[in-house]
Amino acid sequence: MQRIRFTPADFARVRLGTTAGPLVESAFAYGLLGRGVGAPFARWRSQVGDRLAQCPLPLSGGSAAPGLDGLIDLIERSGRCVSTDPLAVRSAPGRHFPPAAGDLSLVWRAAVAPYWEHVRAYLETECEARGRVLMAGGVELLLTTLHSKIIWRAPVLEVHDGPDEDIDLDGRGLVLTPSVFLAHRPGRVTRRLAENGPVVLAFAAPPDTRQAAGLWDEPDDSGQSLGALVGQTRAAALHALRSSCTTSQLADRLGISAAGASQHTAVLRRAGLITTRRIRNTVLHTLTPLGVALLKGISPGPAKPAAVGEAARRRPAGPAVRHRDPRQVTGLAAHSTPAA
């Protein structure tokens, strides 16, 4: 088992993160594919099996494939544990994966990417629930309620059914991230090597049968159309901003760096899709009505008949306006629209 040792300073540095990132979730899904799954994952397993039917994959446990622990270590040593952009991976498969990970990019495309938006929303809800536990009972209550096989024996957090090692926090703190696909283990440390950064512990938060009912629905074409219009990552950012958040929170929701999130919000702000206001040392991003309309796949509607009538009554009398040929209007709009 993994034994995580706390110092007094570490209690003030325990926080929750939405996800350890798409690479880590892909590694967990990789491990789950190589074993039996329960009812909540049956539909997922069937759909993934159909996608992989034409492209055989060496599963975890095979002699030609790395084990789950080795794969997690490989991801950490490659430096891509948390700040990987999932939608960039989708658009450029394999570029963001450690070279030795082999078929992990295929696992991402087949087993995780089609559900990433639903998975991320589920993890946000799980994270919020754990946050309420933290506020109600403090850090120790949070640590004792992560999983039945994650045991808090002050000052050590014991994670059973994993590699045998001792991890000293030494004041670095601990980030706790729920995981959908870590259904076969209670938890797994996914980052521990950074000298100044916190240790990251993913803990199992698999869905029950009711929650899984909508989790494995694949996205419709509207999301792809929005991605084609504004770019996949910015489309994901718009979806994430349905609930206003700061730049760091947006980065957490997307699994990208804070600098990357800041760049995307700048583009969306210039396009009039979000507004940004400063609150002390942070900024809060919110969708504009245009951004909401774009997400819904509609354009802002025409003025109400009453308003149109009122404007007509106020318009001074003058010569009749000859309407342009519709083809001329279309051409004018095309030439006057600034390039995206």
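Going by the structure above, here's the rest.
Residues numbered from 1 in each chain as written. Predicted model: local features only at pLDDT ≥ 70, side-chain atom pairs only at ≥ 80, totals over all residues. Heavy atoms only, no water.

Asks: What should I look at first to understand the packing of helix 10 (residues 232–240) against helix 12 (residues 258–270) in this one?
Replies: The axes of two packed helices give the description: the angle between them and the distance between them. Where helix 10 meets helix 12, the closest approach of the two axes is 10 Å, and the angle between their N-to-C directions is 80°. By the criterion of interaxial angle, the relationship of helix 10 to helix 12 is roughly perpendicular. Within the contact between the two elements, helix 10 uses Thr233, Arg234, Ala237 and Leu238 and helix 12 uses His264, Val267 and Leu268. Here the contact of helix 10 with helix 12 is composed, by residue class, of four nonpolar, two polar and one charged. (Axes fitted to C-alpha atoms, helices over the stretch in contact; angles between N-to-C directions. Helix = DSSP H or I, 4+ residues; strand = E, 2+ residues; numbered from the N terminus. Parallel < 35°, antiparallel > 145°, perpendicular 65-115°, else oblique. Contact = heavy atoms within 4.5 Å. Nonpolar A, V, L, I, M, F, W, Y, C, P; charged D, E, K, R; others polar.)

Asks: Please explain the packing of aromatic side chains as it appears in this structure.
Replies: Any pair of aromatic rings gets described here by the distance separating the centres and the angle formed by the planes. Counted under the stated rule, the structure contains eleven aromatic pairs. Look at Phe41 and Trp44: their rings are 5.9 Å apart centre to centre, the planes differ by 75°, and that puts the pair in the edge-to-face class. Just as Phe41 is buried, Trp44 falls in that class too. Pairing Phe41 with Trp216 gives two aromatic rings, centres 5.7 Å apart and planes at 40°, and the pair type is tilted. Note that Phe41 is positioned in the loop between helix 2 (22–33) and helix 3 (42–52) and Trp216 in the loop between helix 8 (209–215) and helix 9 (221–230), a separation of 175 residues in sequence. There is no split in this pair, since Phe41 and Trp216 are both buried. In this structure an aromatic cluster arises from ring pairing among Phe41, Trp44, Tyr115, Phe181 and Trp216. (Phe/Tyr/Trp six-rings, centres within 6.5 Å; stacked < 30°, edge-to-face > 60°. Buried < 20%, exposed > 50% of the residue type's maximum accessible area, 1.4 Å probe, protein only.)

Asks: What is the right way to look at helix 10 in this model?
Replies: Residues lying three or four places apart along an α-helix face the same way, a consequence of the helix completing one turn every 3.6 residues. Burial analysis of helix 10 places seven of its nine residues in the buried class, which makes it a mostly covered element. Within the span of helix 10, buried status applies to Thr233, Ala235, Ala236, Ala237, Leu238, His239 and Ala240.

Asks: Would you mind showing me how to read the packing of helix 11 (residues 247–254) against helix 12 here?
Replies: The contact between helix 11 and helix 12 brings their axes to 8 Å, and the two run at 105°. The angle between the axes of helix 11 and helix 12 places the two elements in the roughly perpendicular class. Where helix 11 abuts helix 12, its residues Thr247, Leu250 and Ala251 lie against Ala258, Ala261, Ser262 and Thr265. Across the contact of helix 11 with helix 12, the residue classes break down as four nonpolar, three polar and no charged.

Asks: Just checking my understanding: could you explain the pattern of salt bridges for this structure?
Replies: Two side chains of opposite charge can pair, provided their charged atoms sit close to one another. The final tally for this structure, using the stated rule, is eleven salt bridges. A salt bridge links Asp166 to Arg5; the nearest nitrogen and oxygen atoms lie 3.1 Å apart. Here Asp166, found in strand 5 (residues 165–168), pairs with Arg5, found in strand 1 (residues 2–5); they are 161 residues apart in sequence, far enough to count as distant. Of the residues examined, Asp166 reaches a relative accessible area of 41% and is grouped as partly exposed. The partner of Asp217 in a salt bridge is Arg43, and the shortest N-O contact between them spans 2.5 Å. Here Arg43 lies in helix 3 and Asp217 lies in the loop between helix 8 and helix 9, a separation of 174 residues in the sequence. Asp217 gets classed as partly exposed once you look at its relative accessible area, which sits at 32%. Among the residues examined, Arg43 registers a relative accessible area of 35% and is labelled partly exposed. (Salt bridge = Lys/Arg side-chain N within 4 Å of Asp/Glu carboxyl O.)

Honestly, it's all geometry; don't read function into it.
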